[in-house]
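# Remarks on the overall topology
Here is how the chains run, residue by residue.
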Amino acid sequence: MIRKALFLKLIFAYLFTSLYAFSQSTDADKILGLWEVGSKKARIKIYKQDERYFGKIVWLKEPKYEDGTPKVDKNNPDEALRKVPLLGYVNLKGFKYIGDNKWEEGTIYDPENGSTYSCAMNLTDENTLDVRGFIGVQLFGRTDTWKRLVIKK
Amino acid sequence: MKTFFTLFVYLSVNMLWAQTDSTKTVPVEEEEDYSQYADAEAPEGSKSYCTSKVLGLSPQKLISVGYDVQGPYSLNSGAYAAYLQEKSQIDYSHGTRLLANFPVISNTRWLVNLGANYMESAYAMGGSVSHPLASTLKNNGLRTMGVNVTLFKPLNSKYFVLSQLSTDWNGDIPYFNLPAMNQLKVSAVAAFGFKKHDRSIFALGISRTYRGGGLLYIPVLMFNYTYPNRKWGYEILLPAKALVRYTVNSRNMIFAGFELEGAAYRLNNMMKDYPSQYNALELKRSEIRTRLSYEFSLYKFIWVSINTGYRLNYRFAVDNGDKYRSFFDDTPYIIENELANAFYANVSINLVAP
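The number of helices and strands found in chain B is 3 helices and 17 strands. Counting the 354 residues in chain B, one finds 48% classified as buried. Within chain B, counting contacts between residues at least 6 apart in sequence, those at least 24 apart form 61% of the total.

The following block contains the structure:
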């Protein structure tokens, strides 16, 4: 009888921790999908890889230069990377979900000036993502608000 | 047996949940059809708001440490009480300029920046001076310390409201000797604007300002614009400044234009040393600075700004601090001075926002 009660307790404990882990996982994945940056110049697809969150440029308002060639990362401080196409560029890296609709410990790369900043993201509602790039501490930063997009069927 | 079955079911379900949803995971290396992302729309009920950001604009300075110097030039201090008109030669005037500006709230609905500034002008004069104004400039110099708050409130995807409130302590005051609260100078701006596209923002409003030396209520106009080629643009905030910008590349920018600088300085030390029949004396200082600037990224987020030009005196007169002068009031000032024009240079090192 005692063994049965202990066994049931173990099952409930396991069930509880599993449900908690599941809810954390689903909360964390709310960020996945297609987002449009504040300037509406680019769309970023946020995806998950090895429990971390990444984002890549999947659409550009102006994808080509005036001569018709695709835009590249010409402002990258590393000269060897200046011919990498911007379309498909992974500009959000290494985000970890810390709870309360916040993802931190990541970086964001701004192809406009070739700078990489520390970055934190906050899902303020289902379709709005505040992306704060900062230098050192979050006070030294700027927030860009991204809007969720859905692909038309 | 029942218990074991239950355990088996739970373990199986948990194992399934533990699997990564492959539909949501896109490995970096995977080739994608990017054309599918062109045809996307905001979910139903989603609202968008304009931002204050304009493409191609010079980076916002979060912290700035600068040094400003101008001269040589002459000051002809006007007659005052028993003191006759006196001409002084100023070898140079110079001082530190500190600026801090932090976006403390930044989201879709609100953008709130808090700022602080400190500016000083020390006057290097050769020979002895006896005129009260020249004496206090030589012995104490002028200082400005202030804090400000700026609010950008988007109303929808096109229109916004912009306002700013600044409080400054200005005077011939020594360090850490702040004047009384009733000597605070309060400036304010309220404007309504629209953002035509991501390269253009325009606002028109009213300002309470001391940039002309005395207090004025005048219109304010903001126009920031970048041409499609991203090389040229304007950064205009009248009457404070109007600049043409040339972007060499994302880390090098050149500006040409003018700035209007001004403030009303309480002459506490002059009052102390030279009693006046007025409750307060103020130096109404206003100058137009033609400006040629070069700003560049020294290392990542550290930018250097080098400015030079010709400083044109607009007003350098002492007035009764309790008197409000309208724009059209031409009654004489208590001390009418003549300040010669001079070249100036200014260099600052800045931490810029992302």
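Picking up where we left off.
Counted under the stated rule, the structure contains 20 aromatic pairs over all chains. Seen in terms of ring centroids, Tyr89(A) and Tyr109(A) are 5.3 Å apart; in terms of plane orientation they differ by 20°. Their pairing is stacked. Remark: Tyr109(A) occurs in strand 5 (residues 102–110) and Tyr89(A) occurs in the loop between strand 3 (52–60) and strand 4 (90–99); sequence separation between them is 20 residues. When the ring of Tyr34(B) is compared with that of Tyr37(B), the centres are 6.5 Å apart and the planes differ by 40°; the resulting orientation is tilted. No difference in accessibility class separates Tyr34(B) from Tyr37(B), as the two residues are buried.

A few words on empty space enclosed by the protein. All names here are of chain B. A complete count under the given rule lists 2 cavities of 30 Å³ or more for this structure. Roughly 50 Å³ of internal volume is contained in the largest cavity. Lining the largest cavity, in full, are Asp68, Val69, Gln70, Ser93, His94, Gly95, Arg97, Glu120, Ser121, Arg285 and Arg289. Where the lining of the largest cavity is concerned, the elements lending two or more residues are strand 2 (61–70), strand 4 (86–106), strand 5 (111–125) and strand 14 (281–299). In terms of residue count, the dominant contributor to the lining of the largest cavity is strand 4 (4 residues). Split by residue class, the lining of the largest cavity holds 1 nonpolar, 5 polar and 5 charged. Estimated volume of the second largest cavity: approximately 30 Å³. Together, Pro59, Lys61, Glu295, Trp303, Val304, Ser305, Asn350 and Val352 line the second largest cavity.

To continue, consider unusual backbone geometry. In the segment running from Gly71(B) into Pro72(B), the intervening peptide bond is cis, with an omega of 0°. Mapping Pro72(B) onto the fold places it in the loop between strand 2 and strand 3 (73–77). Leu238(B) connects to Pro239(B) through a cis peptide bond whose omega is 10°. Counting through the fold element by element, Pro239(B) comes out in the loop between strand 11 (232–238) and strand 12 (241–249). Look at Asp50(A): it is not a glycine, yet its phi comes out positive at around 55°. Residue class for Asp50(A) comes out exposed when judged on its relative accessible area of 70%. Positive phi is not limited to glycine here, since Ala81(B) has a value of about 50°. Structurally, Ala81(B) is set in the loop between strand 3 and strand 4. Note on Ala81(B): relative accessible area 74%, which makes it exposed.

Take the interface of chain B and chain A next. Contacts between chain B and chain A engage 45 residues on the former and 53 residues on the latter. Taking both sides of the interface into account, the surface hidden between chain B and chain A amounts to around 4,700 Å²; carbon and sulfur atoms contribute 62%. Considering only the surface of chain B that becomes buried against chain A, Tyr34(B), Tyr37(B) and Pro354(B) emerge as the three largest contributors, covering 15% of it. The tally of links from chain B across to chain A stands at 1 salt bridge. Between Glu112(A) and Arg230(B) there is a salt bridge, and its shortest N-O distance comes to 2.6 Å. The interface formed by chain B and chain A contains 9 residue pairs in polar contact (both at pLDDT 80 or more). In the side of chain B that touches chain A, the residues fall into 23 nonpolar, 11 polar and 11 charged. Relative to strand 1 (residues 40–41) of chain B, strand 8 (residues 137–151) of chain A runs antiparallel, the two being bridged by 2 bridges. Bridging from a neighbouring strand, Ile151(A) pairs with Ala40(B) of strand 1 of chain B.

What follows is about the side chain of Ser121(B). Within the secondary structure, Ser121(B) sits in strand 5. Excluding its chain neighbours within four sequence positions, the residues that come into contact with Ser121(B) are His94(B), Gly141(B), Leu142(B) and Arg285(B).

The nonpolar side chains of soluble globular proteins are, as a tendency, buried together. Grouped together as the largest cluster of nonpolar side chains are 31 residues, with contacts concentrated most on Ile46(A), Tyr53(A), Leu92(A), Trp103(A), Met121(A), Leu129(A) and Trp146(A). Listed by contribution, the elements that provide at least two residues to this core are strand 2 (42–49), strand 3, strand 4, strand 5, strand 6 (115–125) and strand 7 (128–135) of chain A. At 4 residues, strand 6 of chain A tops the list of elements feeding residues into this core. Grouped together as the second largest cluster of nonpolar side chains are 24 residues, Met270(B), Leu281(B), Val318(B) and Ile335(B) included.

Turning next to the pairing of strand 6 of chain A. Two faces belong to every sheet, and in a regular strand the side chains alternate between them. Residue and element names in this part refer to chain A. Here 7 bridges tie strand 5 to strand 6, and the two strands are oriented antiparallel to one another. Pairing of tryptophan 103 across the sheet is with methionine 121, part of strand 6. Between the antiparallel neighbours strand 5 and strand 6 lie 4 residues, among them glycine 114 with a positive phi of about 70°. The pairing of strand 6 with strand 7 spans 7 bridges and is antiparallel. Pairing of asparagine 122 across the sheet is with aspartate 130, part of strand 7. The turn linking strand 6 back onto strand 7 is made up of 2 residues.

Let's shift gears to a nonpolar patch on the surface. On the surface, a cluster of nonpolar side chains totalling about 640 Å² of accessible area is made up of Tyr67(B), Tyr92(B), Val248(B), Ile254(B), Leu292(B), Tyr294(B), Ile306(B) and Val347(B). Mapped onto the secondary structure, Leu292(B) falls in strand 14.

Tallied over the entire structure, the rule returns 27 salt bridges over all chains. The salt bridge involving Asp100(A) is made with Lys102(A); its shortest N-O contact spans 3.6 Å. Given the relative accessible area of 60%, Asp100(A) is considered exposed. A salt bridge links Arg97(B) to Glu261(B), with the shortest nitrogen-to-oxygen separation between them at 2.8 Å. Residue Arg97(B) is located in strand 4, and its partner Glu261(B) is located in strand 13 (residues 252–266); the two are separated by 164 residues in the primary sequence.

What counts as what
- Here the residue numbers are simple positions, counted from 1 along each chain's written sequence.
- Whichever chain is written first is A, and whichever ligand is written first is 1; the rest continue in order.
- Whole-chain, interface and lining totals are the exception, using all residues; otherwise, since this is a predicted model, local features are given only for residues with pLDDT of at least 70 and side-chain atom pairs are given and counted only at 80 or more.
- Calculation of side-chain values draws on the structure's entire complement of heavy atoms; hydrogens and water are dropped beforehand.
- Secondary structure is summarised from DSSP: a helix means a run of H or I of at least four residues, a strand means a run of E of at least two, and numbering begins at the N terminus for each.
- Using a 1.4 Å probe on the protein chains alone, a residue whose accessible area is under 20% of its type maximum counts as buried, one over 50% counts as exposed, and one in between counts as partly exposed.
- Residues count as neighbours in contact if any of their non-hydrogen atoms are within 4.5 Å of one another.
- Stacked, edge-to-face and tilted labels apply to pairs of Phe, Tyr and Trp rings (six-membered ring for Trp) whose centres lie within 6.5 Å, assigned for plane angles under 30 degrees, over 60, and everything in between, in that order.
- Residues are called lining when one of their atoms sits within 4 Å of a cavity or pocket point, these points coming from a 1 Å grid over the protein atoms alone, where a cavity is a set in which a 1.4 Å probe fits but cannot get out and a pocket is an open set with protein on both sides within 12 Å along at least five of seven lines.
- Grid points are joined across faces, edges and corners, and a volume is the space filled by probe spheres set on the points.
- Classification used: nonpolar for Ala, Val, Leu, Ile, Met, Phe, Trp, Tyr, Cys and Pro, charged for Asp, Glu, Lys and Arg, polar for all others including Gly.
- The term buried area denotes the loss of accessible surface (1.4 Å probe radius) that occurs when two parts are joined, taken as the sum for both partners.
- Counted as salt bridges are all cases of a side-chain nitrogen of Lys or Arg within 4 Å of a carboxyl oxygen of Asp or Glu.
- Identification of polar contacts relies on pairs of N or O atoms within 3.5 Å, with a donor-acceptor requirement for protein atoms, meaning one able to donate a hydrogen and the other able to accept it, and with residues adjacent in sequence counted only if both atoms are side-chain atoms.
- When DSSP finds two or more bridges between two strands, those strands count as paired.
- For this analysis, a nonpolar core means a set of buried residues of the types Ala, Val, Leu, Ile, Met, Phe, Trp, Tyr and Cys, connected via side-chain atoms within 4.5 Å.
- Patch rule: a residue counts if its relative accessible area is over 30% and it has no salt bridge; like charges are joined within 9 Å, and nonpolar side chains (Val, Leu, Ile, Met, Phe, Trp, Tyr) within 5 Å.
- To measure how exposed things are, a 1.4 Å probe is used in the Shrake-Rupley method; for residues, cover is taken only from the protein chains shown.

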